[in-house]
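Close look at the chain arrangement
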Amino acid sequence: MRRKILSLILILALLLALNGCRLPSETIDYAQADNWAYLETDEPGRADVFFVAPTVYGGGADDFNMPLDDADARAAFLGAINMEKGIYDADCRFFAPYYRQAGLAAYALSEAEREPYLAAAYADVKAAFLYYLEHAHDGRPILLAGFSQGADLCLRLLKDCFAEADRQALLVACYAIGWRITEAELAEYPHLRVAAGEEDTGVIVSFNSEAESVADSLLIPAGTRTLAINPLNWKTDSTPADRSENRGACFTNYDGEIEQEIPALTGAYIDPVRGALKLPDIDPADYPAGLSLFPDGVYHLYDYQFFYRNLQENVAVRLDAYLAA
């Protein structure tokens, strides 16, 4: 199955190249500090966070992957990381590579047409992760974390690099927020496990938040059921969490500063059909989708912000549980 997928990717890459679309070719040297947004090798910490940034690059018909010499794209890339870094870095060293991510324009393509650009982005992320393991890891527990495209690429890392028991034993958790994970993927990769509660380790923490009316999105296409956990009550069924369980939505800027904090912004429950995290207390007009890829009511841009304090607390809880075990 994997060989067939790889063959398809290679064929698509060739066809796209013949049509004038460019794919990254040269490799990135992750021994160069300039190729890292964060490389905290000399910082203290009980564990390491390997963070994969979300999509910030727009791209176009002839350039679907972010060039690393684009100063504006690099600034946005760093800013997007900073918006979420505070959730993870209280007691951890932080590592986040620059990578030639697939641009937003790639997501307007079909899934098959998009895959070569995501595969190219993943090749960078994997190279950075392997460099980190060899040169910076030093035996510490690992938290994988990402958002949106970054979550997708974190899941690919889990599938590709954590099948062996000794590597699995290092994983505190993978916070793959803003992308889907399905039962079919768990069946294909038996070493993957989704979180079942607040303290389990070696697991995937994932959810996609949306309005109650949404029935289809790029993230969870109609007819797809993703697996999720509710970041307010840490349940995987449809048990609703009241807004009083929301410890604080935090809206951050590109420096990572919290510009506004709203306790008890919204409750949440998991839709048993879609697996989406439904938010009953949010008006879509107050939090527009912000991207043409998403209709209003898809709260993708706010997945981290709406549940910032709960996620921040949970990182500490899971790390404590991992170290205690």
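About the thresholds
Residues numbered from 1 in each chain as written. Predicted model: local features only at pLDDT ≥ 70, side-chain atom pairs only at ≥ 80, totals over all residues. Heavy atoms only, no water. Salt bridge = Lys/Arg side-chain N within 4 Å of Asp/Glu carboxyl O. Helix = DSSP H or I, 4+ residues; strand = E, 2+ residues; numbered from the N terminus. Buried < 20%, exposed > 50% of the residue type's maximum accessible area, 1.4 Å probe, protein only. Pairing = 2+ DSSP bridges. Axes fitted to C-alpha atoms, helices over the stretch in contact; angles between N-to-C directions. Contact = heavy atoms within 4.5 Å.

What follows is about the pattern of salt bridges. When their charged atoms lie close together, side chains carrying opposite charge are able to pair. What the rule picks out here adds up to 19 salt bridges. The shortest N-O distance in the salt bridge between Arg-318 and Asp-200 comes to 2.7 Å. Residue Arg-318 is found in helix α8 (residues 308–324), and its partner Asp-200 is found in the loop between α6 (183–188) and β6 (203–205); the two are separated by 118 residues along the sequence. Given the relative accessible area of 21%, Asp-200 is considered partly exposed. The structure contains a network of salt bridges with shared partners spanning Asp-48, Arg-93, Asp-138 and Arg-140.

Across the sheet, 6 strands lie side by side as β1-β3-β2-β4-β5-β6; this open sheet has mixed pairing. Taken across any chain shown, the strands that pair with only one partner, and hence form the sheet edges, are β1 (36–39) and β6. Between one strand axis and the next, the sheet turns by 20° as a mean value, whatever way the strands run. Sheet topology note: the strand β5 (residues 171–177)/β6 ladder contains 3 bridges and is parallel. The residue bridging Cys-174 from the neighbouring strand is Ile-204, located in β6. Seen against the sheet, helix α2 (residues 71–85) touches β1, β2 (47–52), β3 (92–97) and β4 (142–147) and runs at an angle of roughly 35° to β1.

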